[in-house]
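# Structure assessment
The primary structure of each chain is shown beneath.
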Amino acid sequence: MRQGLPEYSAYLPHNIEQLSEMVSAIAAAAHDAHGLTATEWRILAMLSAHGRVPQKAIAAGVGVEKVVAWRAITSLRKKRFVSRQFCEGDYRAYDLFLTEAGRHKFEDTVPVARDREAVLIAGLTRDEVRRLCELLKKLAPAEAADDDAEAFSAHLPTDFKQASAA
């Protein structure tokens with residue numbers, strides 16, 4: 001007996017890929033309007049949420065390869081949206097943080113991000129959105145998610161880790 005795929009429209013990886021492409025298209029238009037790539041926007045969002053973040057934690061924090069993160073950081077620094085300082089006690093490493101211009105740029109993008117999210121979830125109830133988020137977290141490979149979280153949290157200041165755990 002030949003093993004085949006189920007009906008393609010019911011094949012989960014296909015559906016996730018289709019959704020991903022739709023989300024990427026919506027996001028690209030929003031980011032392009034603000035002169036940012038998706039990775040640049042995610043870095044701005046991360047820095048907005050966490051303040052100073054070790055540069056070596058950025059890739060894991062936004063879920064991209066290190067070289068992709070490095071290019072985005074370089075671009076954001078050239079645009080003067082992000083600055084860096086040596087990490088306290090380790091002059092081989094840097095902490096990144098938003099500049100005033102970076103904070104304003106990110107704040108300008110938030111309404112667009114919220115609008116983008118509203119378009120995506122327009123047909124769902126709050127409970128369905130909550131459940132969808134739970135299910136998506138379950139689908140992520142546990143060890144990869146744990147590795148990324150561990151890699152990210154390993155570079156956060158101790159006081160941040162304690163505040164997050166509370």
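Here the structure is a predicted model, which is why all the values come from computation and not from measurement.

Two side chains carrying opposite charge are able to pair once their charged atoms lie near each other. Applying the stated rule across the entire model yields six salt bridges. Residue Asp95 pairs with Arg52 through a salt bridge whose shortest N-O separation is 3.3 Å. Here Arg52 lies in the loop between helix H2 (38-50) and strand S1 (53-54) and Asp95 lies in strand S3 (residues 90-98), a separation of 43 residues in the sequence. Owing to a relative accessible area of 13%, Asp95 belongs among the buried residues under this scheme. A salt bridge links Arg114 to Glu117; the shortest N-O distance between them is 3.2 Å. Here Glu117 and Arg114 lie together in helix H5 (residues 100-121), a separation of three residues that amounts to about one turn. Exposure remark for Arg114: the relative accessible area of 55% places this residue in the exposed category.

Right, let's get into helix H1 (residues 12-33). Helix length check: H1 (22 residues) gives 32 Å between terminal C-alpha atoms against 32 Å at 1.5 Å per residue, within 8%. Where H1 is concerned, the buried positions are His14, Ala27, Ala30 and His31. If you follow the buried residues of H1, they end up packed against H2 and H5. The positive-phi residue at the C-terminal boundary of H1 is Gly35, with phi of around 70°.

Where the residue is not glycine, phi is negative for most of them; where a peptide bond is considered, it is trans in most cases. In this structure, Arg80 is a non-glycine residue whose phi angle is positive, near 65°. Relative to the helices and strands, Arg80 is located in the loop between helix H4 (66-78) and strand S2 (82-87). Since its relative accessible area comes to 65%, Arg80 is described here as exposed.

Before going further, it helps to spend a moment on the sheet that holds S3. What the three strands build is an open sheet, ordered S1-S3-S2; its pairing is antiparallel. The sheet is open, and its two edges are formed by S1 and S2, each paired on a single side. Relative to S3, S1 runs antiparallel, the two being bridged by two bridges. Bridge assignment links Pro54 to a residue of S3, and that residue is Asp95.

Parameters at a glance
- Residues numbered from 1 in each chain as written.
- Predicted model: local features only at pLDDT ≥ 70, side-chain atom pairs only at ≥ 80, totals over all residues.
- Heavy atoms only, no water.
- Salt bridge = Lys/Arg side-chain N within 4 Å of Asp/Glu carboxyl O.
- Helix = DSSP H or I, 4+ residues; strand = E, 2+ residues; numbered from the N terminus.
- Buried < 20%, exposed > 50% of the residue type's maximum accessible area, 1.4 Å probe, protein only.
- Expected span 1.5 Å × (residues − 1).
- Contact = heavy atoms within 4.5 Å.
- Pairing = 2+ DSSP bridges.

By themselves, these figures tell us nothing about what the structure is for.
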